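Letter by letter, the chains look like this.
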Amino acid sequence: DMAGKIRKILLINSPFQEQEYIKFSEKWDTIEDEYLGVGIVHKILHDSGCEVIFKNTLHPETLLHIIEDFKPEAILFSVMQSSAQLTLNCVKMLRECGFYGEIMLGGWFAKLSWKTVFEEKWPVDAVCFSAAETTLPFWLSGEENIKGLATKEDWKKHSADEIEIGVSPQYTEP
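Treat the numbers as computed from the prediction; the structure is a model and nothing was measured. (Residues numbered from 1 in each chain as written. Predicted model: local features only at pLDDT ≥ 70, side-chain atom pairs only at ≥ 80, totals over all residues. Heavy atoms only, no water.)

Q: What should I look at first to understand the pairing of strand β3 (residues 74–78) in this one?
A: Looking along a regular strand, one sees the side chains alternate between the two faces of the sheet. For β3, the buried fraction is high: five of the five residues fall into the buried class. The side-chain alternation of β3 yields two buried faces, one formed by Ala74, Leu76 and Ser78 and the other by Ile75 and Phe77. Where strand β1 (residues 8–13) lies against β3, five bridges are found, and the strand directions are parallel. Of the residues in β3, the one forming a bridge with Ile9 is Ala74. Note that β3 and strand β4 (residues 102–106) share five bridges and pair parallel. Bridge pairing in β4 places Leu76 opposite Met104. Traced from β3 through helix α4 (residues 84–96) to β4, the parallel crossover comes out right-handed. (Buried < 20%, exposed > 50% of the residue type's maximum accessible area, 1.4 Å probe, protein only. Helix = DSSP H or I, 4+ residues; strand = E, 2+ residues; numbered from the N terminus. Pairing = 2+ DSSP bridges. Right-handed = clockwise from strand over helix to strand, strands pointing away.)

This is the structure we're talking about:
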């Protein structure tokens with residue numbers, strides 16, 4: 001387990017599939033792919049002293065170039081339901097191309113489908129299915145058996161009772 005040693009991280013906000021763009025573009029002139037959650041993850045990683053590259057793409061050649069140049073020890077994906085299949089294809093491609101570092105999924109897809117990820121044997125090491133604020137600091141410090149973070153080794157021990165919806169540290173009650 002590499003978690004306690006990880007300091008170089010590629011953070012990927014998995015983009016919408018095309019049909020989602022079409023559906024939302026009827027309502028809004030622009031779509032902002034940045035979500036609050038992935039922004040919080042970026043801040044936690046940065047504040048923990050990690051070197052982070054943050055991208056909004058699953059384009060294979062782009063990611064392979066970043067991996068070749070940056071040499072991340074871990075890749076974290078923020079995954080929406082609409083980008084799950086694209087993310088799976090991307091993760092499989094990264095493994096086939098020789099990326100052996102840690103791969104973790106987070107985001108709404110992870111909250112809803114973390115068991116399925118392991119049942120269907122996605123080539124990932126961990127799934128953060130609870131609030132990043134309460135799980136990532138433990139993961140970065142090398143802790144094991146983290147509430148809300150399932151690994152390929154311990155996922156059957158976890159339950160949906162561990163799910164928390166995160167609140168940004170800057171958030172205050174109205």
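Q: Sorry, what's going on with unusual backbone geometry here?
A: A negative phi angle characterises most non-glycine residues, just as the trans form characterises most peptide bonds. Positive phi, close to 55°, is recorded for Lys71, a residue that is not glycine. Tracing the sequence through the fold places Lys71 in the loop between α3 (60–70) and β3. Look at Lys71 and you get exposed, because its relative accessible area is 56%. Non-glycine residue Lys121 carries a positive phi angle of around 55°.

Q: It is not clear to me how the confidence of the model for the chain should be interpreted in this structure. Could you clarify?
A: Predicted coordinates in regions of low pLDDT should not be interpreted in detail. When pLDDT is averaged across the chain, the result is 82; 80% of the residues are at 70 or more. Contacts of residues 167–174 to residues separated by more than four positions or lying in other chains number four contacts, the stretch itself having pLDDT below 50. (pLDDT = per-residue confidence, 0-100. Contact = heavy atoms within 4.5 Å.)

Q: Help me understand the pattern of salt bridges in this model?
A: Should the charged atoms of two oppositely charged side chains come close, the side chains can pair. Under the defined criterion, the tally for this structure stands at three salt bridges. In this structure, Asp47 engages Lys43 in a salt bridge whose closest nitrogen and oxygen atoms are separated by 2.6 Å. With Asp47 and Lys43 both in helix α2 (residues 36–47) and four residues apart, the pair spans about one turn of that helix. Classification of Lys43 as partly exposed rests on a relative accessible area of 35%. Asp125 serves as the salt-bridge partner of Lys152, at 3.0 Å between the closest nitrogen and oxygen. On the criterion of sequence distance, the pair formed by Lys152 in the segment after β6 (149–151) and Asp125 in the loop between α5 (108–119) and β5 (126–128) is long-range, its members being 27 residues apart. On the basis of relative accessibility, which here comes to 45%, the residue Lys152 falls in the partly exposed class. Under the relative-accessibility criterion, Asp125 is labelled buried at 12%. Through salt bridges with shared partners, a single network forms among Arg95, Asp125 and Lys152. (Salt bridge = Lys/Arg side-chain N within 4 Å of Asp/Glu carboxyl O.)

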